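Residue-level structural notes
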Amino acid sequence: MRKLYGVSLAALTVSLVLEILPYGAVLNFGNPDGSVIRRTYSYFSMMPFGYANFGPLPAALLTVVILIGTAALFAVRAPQPKLNTVMLTCAIIAFLFSVLPVIMFGWSSISSIGIIISCLLLAGVVLLSLARISLRHE
């Protein structure tokens, strides 16, 4: 089970680093001539949130929460099923927020870094689910 928390911790750390970089969140601005200007921002930036791209900021904040909780799960030797359940719930919500721009605006509103972040958050969900299943069988 500790291995699952360790791999989950690594995936969430990489996800957090990618969220800090200014390439994850996308805003598409239209020009009067019909062309589109694509700008990318950090998941922690308020600019996408201000332009109604609500997914990246809550996903980033939840990633920090999940990272801290998973680090606690990794550090503590005793099983913590309630904390695991809370972290799993937060990871599911963070994943849903990370794919929200695609749901709201389509595939043009997500970058390749955003897709990688979503995949890493999904990996965190899967790993925390496997740890939760492992806790139930003990």
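Note: the structure precedes this text.
All values derive from a computational prediction rather than experimental measurement.

To continue, consider the overall build of the chain. A count of helical and extended segments in the chain gives 5 helices and 2 strands. A principal-axis box enclosing the C-alpha atoms of the chain has dimensions of 65 × 20 × 20 Å. Burial statistics for the chain: of 138 residues in total, 41% are counted as buried. Residue pairs at least 24 apart in sequence account for 64% of intrachain contacts in the chain once pairs closer than 6 positions are excluded.

Another aspect to go through is the packing of helix α1 (residues 2-20) against helix α3 (residues 56-75). Axis separation between α1 and α3 bottoms out at 9 Å; the angle between their running directions is 150°. Relative to α3, α1 is oriented roughly antiparallel. Remark: the crossing between α1 and α3 carries left-handed chirality. Mapping the contact onto sequence places R2, Y5, G6, S8, L9, L12, T13, S15, L16 and E19 in α1 and A59, A60, T63, V64, I66, L67, T70, A71, L73, F74 and A75 in α3. Looking at the contact of α1 with α3, its residues break down into 13 nonpolar, 6 polar and 2 charged.

Y5, Y43, I66, I117 and L128 are the most contacted members of the largest nonpolar core, which totals 29 residues. Mapped by element, the contributors of at least two residues to this core are α1, β1 (25-30), α3, α4 (81-105) and α5 (112-136). Not counting residues within four places of it along the chain, the set of residues in contact with I66 comprises L12, M87, C90, A91, A94 and L128.

Among the structural elements, K3 can be located in helix α1. As a C-alpha pair, K3 and L127 span 124 residues in sequence and 9.5 Å in three-dimensional space.

Take α4 next. In this model, α4 (25 residues) spans 37 Å end to end at C-alpha, consistent with the 36 Å of a helix rising 1.5 Å per residue. The largest bend in α4 is about 40°, located at V99, with the proline P101 one to four residues further on. Regarding α4, the residues found buried are N84, M87, L88, C90, A91, A94, S98, V99, P101 and V102. Considering only its buried residues, α4 is in contact with α1, α3 and α5.

Here is what the cut-offs are and how they apply
- Residues numbered from 1 in each chain as written.
- Predicted model: local features only at pLDDT ≥ 70, side-chain atom pairs only at ≥ 80, totals over all residues.
- Heavy atoms only, no water.
- Helix = DSSP H or I, 4+ residues; strand = E, 2+ residues; numbered from the N terminus.
- Buried < 20%, exposed > 50% of the residue type's maximum accessible area, 1.4 Å probe, protein only.
- Contact = heavy atoms within 4.5 Å.
- Axes fitted to C-alpha atoms, helices over the stretch in contact; angles between N-to-C directions.
- Parallel < 35°, antiparallel > 145°, perpendicular 65-115°, else oblique.
- Left-handed = near helix turned anticlockwise from the far one by under 90°.
- Nonpolar A, V, L, I, M, F, W, Y, C, P; charged D, E, K, R; others polar.
- Core = buried A, V, L, I, M, F, W, Y, C linked by side-chain atoms within 4.5 Å.
- Expected span 1.5 Å × (residues − 1).
- Bend = angle between axes of the 7 residues up to and from the residue.

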